[in-house]
Amino acid sequence: MRETPRQICLEEWDQRQATLARQGGGEPSYGGPLGRHVEREGNGRLRQLRFDNSTAALRLWNFLLTENQRLRAARAQGERLVGAMKDLGTVPVMAYALPRVRAFYPDGAWWTPCLMECTDRLLNQAEALGADATTCPVRAMLAAFQNGEHFPRPDLLVCSAGAICDDFSAIAQRLERLGSAVLWWEMPRRREPETGEASCALPGGLRAPADQVECVRDELRRVAIALGRLVATELTAERLRDGIQSANAVRRELQALRETVYAAAGAPLPALEMLIAEMLAVHFCSDRDESRVVLGGLVQEATRRVAARQSVVDETGIRVYWVNPVADLRAMNLLETCGGQLCGSDFMFTHALDLIPEDLPPLEALARTALADPMVGPVQDRARRIVQECRRYRVEAVVVSRIPGASHCAWEGAYLREHLAAELGVPAVEIEVPPVCDALLPALRTRLQAVLEIAQSRRRA
Amino acid sequence: MAGLDGAAIQSVVATGYGRNRVPFAATTITEITCHARGVHHLDPAARSIVEIGGQDSKAIRLDEHGRVRDFAMNDRCAAGTGRFLEMLASRLALDWSGLDELSQRSQRPAVMSNTCVVFAETEIIGLLAEGVAAADIAAGVQHSVATRVVAMAGRALDPPVVFTGGVALQPGMVRALEGVLGCPVRVPADPQFTGALGAAILAGGMA
Ligand code: SF4
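Conventions adopted
- Residues numbered from 1 in each chain as written.
- Chains lettered and ligands numbered in written order.
- Predicted model: local features only at pLDDT ≥ 70, side-chain atom pairs only at ≥ 80, totals over all residues.
- Heavy atoms only, no water.
- Helix = DSSP H or I, 4+ residues; strand = E, 2+ residues; numbered from the N terminus.
- Pairing = 2+ DSSP bridges.
- Contact = heavy atoms within 4.5 Å.
- Buried area = accessible area lost by both parts, 1.4 Å probe.
- Salt bridge = Lys/Arg side-chain N within 4 Å of Asp/Glu carboxyl O.
- Polar contact = N/O pair within 3.5 Å; in protein donor to acceptor, adjacent residues only side chain to side chain.
- Nonpolar A, V, L, I, M, F, W, Y, C, P; charged D, E, K, R; others polar.
- Expected span 1.5 Å × (residues − 1).
- Bend = angle between axes of the 7 residues up to and from the residue.
- Buried < 20%, exposed > 50% of the residue type's maximum accessible area, 1.4 Å probe, protein only.

**Notes on the environment of T147(B)**
As for its position among the elements, T147(B) is in helix α5 (residues 134-153). Taking the C-alpha atoms as reference points, T147(B) and L177(B), separated by 30 residues in sequence, lie 7.6 Å from one another.

**A look at the sheet that holds strand β7 (residues 185-186) of chain B**
Residue and element names in this part refer to chain B. With mixed pairing, the 5 strands of this open sheet are ordered in space as β5-β4-β3-β6-β7. This sheet does not close on itself; its edge strands, each paired only once, are β5 (68-74) and β7. Pairing of strand β6 (residues 161-164) with β7, which is carried by 2 bridges, proceeds in the parallel orientation. When the bridges of β7 are listed, V162 appears paired with R186.

**Side note on the interface of chain B and chain A**
Contacts between the two partners involve 17 residues from chain B and, on the opposite side, 17 residues from chain A. Of the roughly 1,500 Å² buried at the junction of chain B and chain A (both faces included), carbon and sulfur atoms supply 48%. The largest share of the area that chain B buries against chain A comes from R67(B), F71(B) and R76(B), three residues that together contribute 32% of it. Where chain B meets chain A, there are 1 salt bridge. Between D70(B) and R417(A) there is a salt bridge; the shortest N-O distance is 3.5 Å. At the junction of chain B with chain A, the criterion picks out 9 residue pairs in polar contact (both at pLDDT 80 or more). Counting only elements with at least two residues in the side of chain B that touches chain A, the list comes to α1 (31-42) and β5 of chain B. Residue contributions to the side of chain B that touches chain A peak at 5 residues, all from β5(B). Residue composition of the side of chain B that touches chain A, by class: 6 nonpolar, 4 polar and 7 charged.

**Considering helix α17 (residues 407-424) of chain A**
Across its 18 residues, α17(A) extends 26 Å between first and last C-alpha, which sits within 8% of the 26 Å expected from 1.5 Å per residue. Of all the bends in α17(A), the greatest measures close to 30° and is centred on G413(A). Of the residues making up α17(A), those classed as buried are H408(A), C409(A), E412(A), G413(A), L416(A), R417(A) and L420(A). Among the structural elements, β9 (318-323), α16 (379-392), β11 (397-402) and β12 (428-432) of chain A together with β5 of chain B are those in contact with the buried residues of α17(A). Remark: G425(A) follows α17(A) within two positions and exhibits a positive phi of approximately 65°.

What follows is the structure, encoded as structure tokens:
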């Protein structure tokens, strides 16, 4: 049963899913009505969202919302679980190169309160554990570790330190203090090579001093050894090469999805589903191969809609680039409500977008990927990449989203907004989206609608 | 209010915070675009708008065609809004217009260090206890609103600057804003209706 693209509420999805099931539309083992995630896991915030009505989107949501179950099942079958934190596109790639190991993102727990009805439960618990509202909502992770109600405790916890996020380091240090041992690895801040200094090319057209690449490679070697010990299997270069190829297969699907959606005249898929899709390539939602299948389904759906000239918004919608993820997913729905279409994004998952070089020794390739992450370099590099993408996808307006408490947002946001507006000559707006944005919705909507109106008047001029 | 009967209305544009709750509107347009349109109609030379209403405040930059180039908005806190004036007026046992009348008698506006309404209330009590004249406190409150709005605007506002919104009805606020900006500001007739005027003009273009 194919319907014209539309965003529908949870209730409508459940009715549609029931019809599909009666008609024998095959769903994966984790399929079913989305409403069950509200009933069983208390993800009441799903009731506030509007979802794409394709079966590919249903699969995406069910895949995302069953991750904890998947992890528990894996644990029950004796698989080893690795918590990867601030890995910059490296640790899950290494972990999935080994048999019977699954990596996941405990910091993905920061989405949990955003989906739950008692939204501030985890955040308040985190505060009681020593991470208050002056830090990023990722602090929800502390409470999730403590109460054990969400994901199982990992067998190994790996986190980078150094030139990554200060908030995260503080929270991860607190986590360690509360009894979860962390394997730390050092990440230097990327810098421009000096004249005459040996340097290496990084993904995304960047360069870094060879010394820095060597340092990260040695750090990752330590991580590789620890991962191998977990299952008494050496993480050989050959295994790692295969792992990189498989990770790249997922990344290629995501690249195809972004290209299909962002280059299209209308919006073949909504902004919310694009945000969730990008998250899959970061940590594979605890099943690398299934991530690829889920993304592949979205690519097919988007391609079909483009060919049929179908869109979730009017084809004349303003083409918007979105910077940073939002703490409340509801804010993503506002884009289409205001008449915009997502035509580019930097949700801070850039390290999972570029292909990992396959023609280099694998640890070296991973080191270069990590060093290319925008988070470890100057904001100017991030802005340059965004400008290129905005030009490529003919973007007409930019939204820079801020996460309250996330310290990098405070200093990066204003720079990005001003720089992108000046460089591209398009209107740009900064919005702050807290974990529950209900009360702020009218204000957020005014900001978004106003920036789209400015773009509209420029289009007419 | 405008004396029109329903049959004379060909198109309706809803604006402002309640714009999505007007079922008979043909479309909704933000107050930012509407204020810009209204101001451009009244004063085509205007390049910047400061709008201070009861709920929020905005700084809007315009191009030579009256189109919005950029905007900044305070919608998160009472400081820099009409609400701030109202709350602090009540601390001085005055109403909103009484605060303005009193401020005209100020010799030396008090310096208010807090832009947060809660702390500013405490500060007023302290100033009164120190014997600072109520007129100077009233002028200080207006100055604090002006400072807050100009700081929110970020970069300098290009002249001519037009001041709209209900708060522009207070001559003391106009003076305070001119003082902080360092340039004269223009106030249209009925500044509280500039957004509605813009909405009507935009609706006219759709009819
Ligand atoms: S502050 Fe930003 S980078 Fe750091 S954990 Fe939060 S969202 Fe991630």
